[in-house]
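Analysis of the macromolecular model
If you want the building blocks of each chain, they are given just below.
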Amino acid sequence: MSITVIKPGLLVTFQDAGRRGYGRYGIITAGAMDNSAYRIANRLVGNEDEQAVLEITWSGFAVEFHSDRWVAITGGDLSPSIEGVKVPMWRPVLIKAGRVLSFQQPVTGCRAYMAVSGGFDVCQVMGSSSTYLRAGIGGYEGRPLKKGDTLFAHPSQLPLVMSERYLDDYGGFLTVNWAVSAEGYPGPGQEAVIRVLKGRQYDDFDAISKQALFEERFTVTPQSDRMGYRLSGPPLQLSHAKEYISEPVAHGTVQVPADGQPIILMADRQTLGGYPKIAQVATVDISLIAQLSPGAAIRFAGISLAEAEQLYTAHVREFRMLEAMIKLKLKEW
């Protein structure tokens, strides 16, 4: 089975769960920016977590299918369509050979994830197929997809023929008559509330900065990327000038460089950082940040470590219930 890239879009790469276990060698994790959407996309087409998916940023991407294949599209709604007919998200969809799947203007979020049943046939580097653009490794030759690229997939895990009572026929594609609940991503102009814990150097900031962190509004700047989301807002300043020794940073660490404008570290973050860390984003809200476009507004809400752990435990429980529901639905075929 193969797929040809007709339009490359703004930025489309292969991503999976990330390149883990190599941080001590200075090798970054990479992986899907929105891990929840990535995992659900794979589950909807019968794949396990290790399978790579396409991470599609913003708009303009189009591919042609050369054989029938089950796909699932999750994450931000980038208006996926076939011949002008909107393709439903958050459910398995059987796209027919010869059809072109296109992604247009975002409705909510800014990153969509497309999984194919059986998984894409992509080489691994250090146990992962994730693309790390700065190093040029992983994915498709270590780079974003471009026009004319041919993508291959392993044999489908789902049958291509099934009872019509489970399907809705849209001509260019078939879709099951059920879907999982979509994530609540903000639309253009909407404000996102991001829950954070106090960072390791929180107490090194002056009182005005501490107050501003939780009371003022910050804006995602155009300089944001997979490495970090750069924010614009009231400058956050240390109470006294101080030099810091570089130390490990995590997904969601909020660093503050000399200009006082915070940076939220994301999937392609460095392994060490020397800027003071004023906050740490709760794990459950990292996927929400990954779906924010430049210009989006953020307000931070402080929570305790115990609250963050409770939120994460509830998230894991809900995801396992969702997994079980999807497996039962797929077994009906």
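Look above for the structure.
Residues numbered from 1 in each chain as written. Predicted model: local features only at pLDDT ≥ 70, side-chain atom pairs only at ≥ 80, totals over all residues. Heavy atoms only, no water.

As for the overall build of the protein chain
Heads up, the rule is: A run of H or I in DSSP counts as a helix once it spans at least four residues, and a run of E counts as a strand once it spans at least two, with each numbered from the N terminus. As a reference, a globule follows 2.2 Å times the number of residues to the power 0.38, and the radius of gyration itself is taken over C-alpha atoms. By definition, residues are in contact when any of their heavy atoms lie within 4.5 Å. A residue counts as positive if it is Lys or Arg and as negative if it is Asp or Glu; His and the chain ends are not included. For this purpose, a charge sits on NZ of Lys, CZ of Arg, CG of Asp or CD of Glu.
On a plain count of helices and strands, the protein chain comes out with 4 helices and 22 strands. The C-alpha radius of gyration of the protein chain comes to 21 Å, within 12% of the 20 Å expected for a compact globule of 333 residues. Reported as C-alpha extents along the three principal axes, the dimensions of the protein chain are approximately 65 × 35 × 35 Å. For the protein chain, restricting intrachain contacts to residue pairs at least 6 apart in sequence, the fraction spanning at least 24 positions comes to 76%. Of the side-chain charges in the protein chain, 33 are positive and 34 negative, and the distance between the mean point of each set is 2 Å.

Some points on the side chain of Ser 102
Mapped onto the fold, Ser 102 is located in strand β9 (residues 100–102). Ignoring any residue separated from it by four or fewer positions in sequence, one finds Ser 102 in contact with Phe 61, Ala 62, Ser 79, Pro 80 and Ser 81.

Structural notes on unusual backbone geometry
The following threshold applies: The buried label applies to any residue whose accessible area, calculated with a 1.4 Å probe on protein chains only, is under 20% of its type's maximum; exposed applies above 50%, and partly exposed to all values in between.
Of note in this structure, Met 126 is not a glycine but carries a positive phi near 55°. Its location among the elements puts Met 126 in the loop between β10 (108–116) and β11 (150–152). One non-glycine residue with positive phi stands out, namely Glu 141, at about 60°. Looking at the secondary structure, you find Glu 141 in the loop between β10 and β11. Relative accessible area serves as the criterion here: at 60%, Glu 141 is assigned to the exposed category.

What to know about the sheet that holds strand β7 (residues 85–86)
This is how it is decided: Between any two strands, pairing holds if DSSP finds at least two bridges.
Ordered by their spatial adjacency, 6 strands build an open sheet running β7-β6-β9-β4-β1-β11, and the pairing between neighbours is antiparallel. On the outer flanks of this sheet lie β7 and β11, each paired with one strand and no other. Of the pairings in the sheet, the one linking strand β1 (residues 2–8) to strand β4 (residues 61–65) comprises 5 bridges and is antiparallel in character. Residue pairing for β4: Pro 8 is matched across the bridge by Phe 61.

Considering the sheet that holds strand β21 (residues 277–281)
Quick reminder of the rule: Each axis is a line fitted through C-alpha atoms, and for a helix only the stretch in contact is used; angles between axes span 0 to 180 degrees, taken between their N-to-C directions.
If you trace the 7 strands once around the closed barrel, you get β14-β21-β18-β19-β16-β15-β22, paired in mixed fashion. Here the average twist between neighbouring strands, direction ignored, is 40°. Two elements, strand β18 (residues 253–255) and β21, share 3 bridges in a ladder whose sense is antiparallel. Considered in β21, the bridge of Gln 255 is made with Lys 277. In the packing of helix α2 (residues 207–215) onto the sheet, the strands contacted are β14 (191–198), β15 (218–220), β21 and β22 (297–302), and the crossing angle to β22 comes to about 115°.

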